[in-house]
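# Observations on the three-dimensional arrangement
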Amino acid sequence: MNAIDLLKTDHEKVKSILEQLSESTDRAVKKRTELLEKLEMEVTIHTQLEEQILYPAFKAAGGKEQEEMYYEAKEEHRTVDSLVLPDLKNTDPTKPEFAGRVKVVKELLEHHIEEEETEMFVQAKKLLGKSKLEELGEQMQVMKSALKKTYSSSKTAA
């Protein structure tokens, strides 16, 4: 699977989790907690795949415009990973704030996904070419399964 197809599959999974989370009610504490854990795992792993594999290749193959796109995407990741998700995780799922924060996370991530898929990925296809994207996709699959194992074992140890 090429890198872009793999990342788009991840995007669909994240959008599905966000949709379920935003449709849940404040009485569905267990469901909200499980979905939030799932979202955190998917976003954390996905971010690492992009930042360690695709983004550096994209930045190296491009020019000033790609470099700016690279930094914007990384900043969007930082906002979600360091600010928005931790806030959401510390919010009581039975409170109205939870639904408000889910909405903000959903909007941020959907905006980020939209930009990646319509701008960065389109340019990456042209800049990197099919064989390089296949190679990056293989690296991502290896890294993804390692990260999932690490993530799962750290959750069971906690």
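Residues numbered from 1 in each chain as written. Predicted model: local features only at pLDDT ≥ 70, side-chain atom pairs only at ≥ 80, totals over all residues. Heavy atoms only, no water.

Before going further, it helps to spend a moment on the packing of helix α2 (residues 29-61) against helix α3 (residues 64-89). At a minimum axis separation of 11 Å, α2 and α3 run at an interaxial angle of 165°. The orientation of α2 with respect to α3, classified from their angle, is roughly antiparallel. In terms of crossing hand, the pair formed by α2 and α3 is left-handed. The residue makeup of the contact of α2 with α3, split by class, is 13 nonpolar, three polar and eight charged. (Axes fitted to C-alpha atoms, helices over the stretch in contact; angles between N-to-C directions. Helix = DSSP H or I, 4+ residues; strand = E, 2+ residues; numbered from the N terminus. Parallel < 35°, antiparallel > 145°, perpendicular 65-115°, else oblique. Left-handed = near helix turned anticlockwise from the far one by under 90°. Nonpolar A, V, L, I, M, F, W, Y, C, P; charged D, E, K, R; others polar.)

Here the focus is the UniProt feature "domain: Hemerythrin-like" (unreviewed entry) in the chain. Under the UniProt annotation, the feature "domain: Hemerythrin-like" (unreviewed entry) is placed at residues 3-121. The span residues 3-121 carries 89% helix and 0% strand; its end-to-end C-alpha distance comes to 9 Å. (UniProt positions renumbered as here; feature names shortened; annotations may be inferred.)

Attention now goes to empty space enclosed by the protein. Using the criterion set out here, one finds one cavity of 30 Å³ or more in the structure. In this structure, the largest cavity spans a volume of roughly 110 Å³. Lining the largest cavity are 14 residues, and of these V43, H46, H77, L109 and H112 lie nearest its centre. When residues of the lining of the largest cavity are traced back to their parent elements, those giving at least two are α1 (3-23), α2, α3 and α4 (96-157). A per-element tally of the lining of the largest cavity places α2 first, with five residues. Split by residue class, the lining of the largest cavity holds five nonpolar, five polar and four charged. (1 Å grid on protein atoms, 1.4 Å probe; cavity = no way out; pocket = protein on both sides within 12 Å on 5 of 7 lines; lining within 4 Å. Points joined across faces, edges and corners; volume = space filled by probe spheres on them.)

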